[in-house]
Amino acid sequence: DVSSPKHGKVDPDNAPHVGGNTWAGGTGGRDTAGLGGKGGPYRLDAGHKVYQVSQAEKDAVPEEVKRAAREMGEKAFKQRLKEIQMSEYDASTYERFSGAVRRQVQSLRIILDNLQ
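The numbers attached to residues start from 1 for each chain and follow its sequence in the written order. The predicted origin of the model limits local features to residues at a pLDDT of at least 70 and limits the giving and counting of side-chain atom pairs to 80 or more, whereas totals for whole chains, interfaces and linings rest on all residues. To obtain the side-chain values, all non-hydrogen atoms of the structure were included, while hydrogens and water were left out.

1. What about the layout of surface pockets?
Thinking step 1. A pocket here means an open set of points on a 1 Å grid, computed over the protein atoms alone, that has protein on both sides within 12 Å along at least five of seven lines. A cavity is instead a set of points where a 1.4 Å probe fits but cannot get out; residues with an atom within 4 Å of a point line either one. Grid points are joined across faces, edges and corners, and a volume is the space filled by probe spheres set on the points. Considering only enclosed or pocket space, the largest pocket measures out at about 470 Å³ in volume.
Thinking step 2. Forming the walls of the largest pocket are 31 residues, and the residues nearest its centre are Gly34, Gly37, Lys38, Gly39 and Gly40.
Thinking step 3. Strands are runs of DSSP state E lasting at least two residues, helices are runs of H or I lasting at least four, and both sets are numbered from the N terminus onward. Going through the elements one at a time, β1 (26-27), β2 (34-35) and α2 (63-83) are the ones with two or more residues in the lining of the largest pocket.
Thinking step 4. Among the elements that take part in the lining of the largest pocket, α2 stands out by supplying 3 residues, more than any other.

2. Quick look at the domain arrangement of the chain
Quoted interface sizes are often the accessible area lost when the parts come together.
Thinking step 1. In this document the domain limits rely on a domain assignment from an automatic tool or a database. Entries for the chain in the domain assignment read domain 1 (1-85) and domain 2 (86-115).
Thinking step 2. A separation of 23 Å is found between the C-alpha centroids of domain 1 and domain 2.
Thinking step 3. Two residues form a contact once any of their heavy atoms are found within 4.5 Å. With 6 residues of domain 1 in contact, the opposing surface of domain 2 contributes 4 residues.
Thinking step 4. A 1.4 Å probe defines the accessible area here, and the buried area is the portion of it lost by two parts on being joined, summed over both. Here domain 1 and domain 2 share an interface that buries about 390 Å² over both sides, 63% of which is from carbon and sulfur atoms.

3. Description of the pattern of salt bridges
Thinking step 1. The term salt bridge refers to a pairing of a side-chain nitrogen on Lys or Arg with a carboxyl oxygen on Asp or Glu at a separation within 4 Å. Under the definition given, this model contains 6 salt bridges.
Thinking step 2. Notably, a salt bridge pairs Glu88 with Lys78, separated by 3.9 Å at the nearest N-O pair. Placement of Glu88 in helix α3 (residues 88-115) and of Lys78 in helix α2 is noted, with a sequence separation of 10 residues between them.
Thinking step 3. Ionic pairing is found between Arg80 and Glu83, a salt bridge with its closest N-O pair at 3.2 Å. One end of the pair is Arg80 and the other is Glu83, both in helix α2 and 3 residues apart, which spans about a single turn.
Thinking step 4. Accessible area is worked out with a 1.4 Å probe on protein chains only. A residue is then buried under 20% of its type maximum, exposed over 50%, and partly exposed in between. Classification of Arg80 as partly exposed rests on a relative accessible area of 47%.

Right under this line is the structure:
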């Protein structure tokens, strides 16, 4: 069951974590920031294979936990913008321009990685 959203512990070895509700950046778990899980406050990619919980499990998360996760994610987003001295307007403008070239940038990254 989900209880309350949290960032989670950071694994200094960046080992892959699947399931549970302890590690930040894990996959398929609950309550913590990661990918493929349920009830976490925001997505956090630690670079591991993603294990996805079912949509039925995600739909079963209580509304108060979803609301708390959204609020925590919004707070973290605003804090990050403050750290990098960016306004919400700047962020939306950046996202608009970045989104327009995202596929091309990804293709270029793949080409450069292969050249290395």
